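Coordinate analysis (summary)
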Amino acid sequence: MPVCAEISGQGGTGPVVTVGTDSLPAPERFGWWCEMVGHEVMPVAARSAHTAVFQGRAEAVELPHSQVTAFDFSPMTARRSPVHIRRHDPENYYLLLVRDSSVRLEQARGVACLQAGDMTLFSSSHPLACEFLDQGRQTRLTLMRLPRPVPPLASGRADRLLAEPLPSRAGSAALLGLYLAQLPQAARTCGPAELVRLGAIGVDLAATLLAARLGSQDTLPAETRNAVLLARINAFIDQHLGDPELCPAAIAAHHHISVRTLHLLFQSEPETVSARIRRRRLERSHADLTDPRLRRRSISAIAARWGFLRPADFSRAFRAAYGVTPRELRQAALRSLPDA
């Protein structure tokens, strides 16, 4: 979004670019917003009952093969006609995730009435009608632009899914929702190589979701299936860090694979599965030890909360990771508080 960042006078950090209407005079905001959407997504005809007080903000993450943009804006309607398509068609598919308010989207004889947490697919190559319903608050949604070489899109079969509500609360769809919600913050703190990996994970999750809906999972490359399985395993690890029984054998059993297969999956990762469990437990412990709201909770209780049952083992692992003991970290954190 570099052009739009220049228009608005705002920018971003690394691959994340943030633009918005706050710096513009009120009468110019809606027109600027429509211009930005036309440039970054696709040209549409838009209307809003809030043009005099319109507010909008977009936070885009540029990825090697896709783009993820979080939008917050005043209620409006948008129409894309055959005339718009003839004038300019970027030939993109988009996954839409509603984060707040309600959206009604029509395309290719499909109608999706979406609430917070719901997803659907749309295309720039077909007429579109979209109403962002006025419920007294900003519409909040995330768009993921998908590359056409993704197997379900390359064949054109995905047109069957346009404006169809997609399952969003289980399996790869649930992981994709978490990914979209957490991506901007994650992208701000990772290097170029990790950003490439993050981008690939998102595309793999989207491809798996669409292929499952089409009943064509077998068409997905083995690399995509493995990447999604790995994402599920990593999510499982994060959800069960407090379980002292969390180990490679338990993880493999839950996902119906062998321990050997589990270790093979992690060969392409920068750390082993056991190292990942240990690092995430230590990171959660570090966060708790520096949280002033938990100052009265004992260090051993915090350690046990994240799966460390032996205080000596926890202290040794913590010092090896951070160069200080848990007590030294907590004391330093408390001394830095304004009222300490």
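Residues numbered from 1 in each chain as written. Predicted model: local features only at pLDDT ≥ 70, side-chain atom pairs only at ≥ 80, totals over all residues. Heavy atoms only, no water.

**With respect to the pattern of salt bridges**
Rule in force here: Here a salt bridge means any side-chain nitrogen of Lys or Arg lying within 4 Å of a carboxyl oxygen belonging to Asp or Glu. By definition, any uninterrupted DSSP run of H or I lasting at least four residues is a helix, any uninterrupted run of E lasting at least two residues is a strand, and each is numbered from the N terminus. For every residue, the accessible area obtained with a 1.4 Å probe (protein chains only) is divided by the maximum for its type, and the residue is called buried under 20%, exposed over 50%, and partly exposed between those limits.
Scanning the entire structure with this criterion turns up 17 salt bridges. When the shortest N-O distance is used, the salt bridge between Arg99 and Asp72 registers 3.0 Å. One end of the pair, Arg99, is in strand β7 (residues 93-100); the other, Asp72, is in strand β5 (residues 67-73), and 27 residues separate them in sequence. When the shortest N-O distance is used, the salt bridge between Asp100 and Arg137 registers 3.0 Å. Placement of the pair is Asp100 in strand β7 and Arg137 in the loop between β11 (128-132) and β12 (139-146), with a sequence separation of 37 residues. The partly exposed category is assigned to Arg137, whose relative accessible area is 38%. If you follow the salt bridges from partner to partner, you end up with Asp238, Glu271, Arg276, Arg279, Arg280 and Glu283 in one network.

**Observations regarding unusual backbone geometry**
With phi around 70 degrees, Arg109 is a residue other than glycine that occupies positive phi space. Along the polypeptide, Arg109 turns up in the loop between β8 (103-107) and β9 (110-114). The class of Arg109 is exposed, set by a relative accessible area of 87%.

**Let's talk about the pairing of strand β10 (residues 119-123)**
Note the cut-off: Two strands are said to pair when DSSP picks up at least two bridges between them.
Buried residues dominate β10, accounting for five of its five residues. Burial along β10 is two-sided: Met119, Leu121 and Ser123 facing one way and Thr120 and Phe122 facing the other are all buried. Bridge analysis of β7 against β10 gives five bridges, and the strand direction is antiparallel. Looking at β10, one finds that Leu95 is bridged to Leu121.

By themselves, these figures tell us nothing about what the structure is for.
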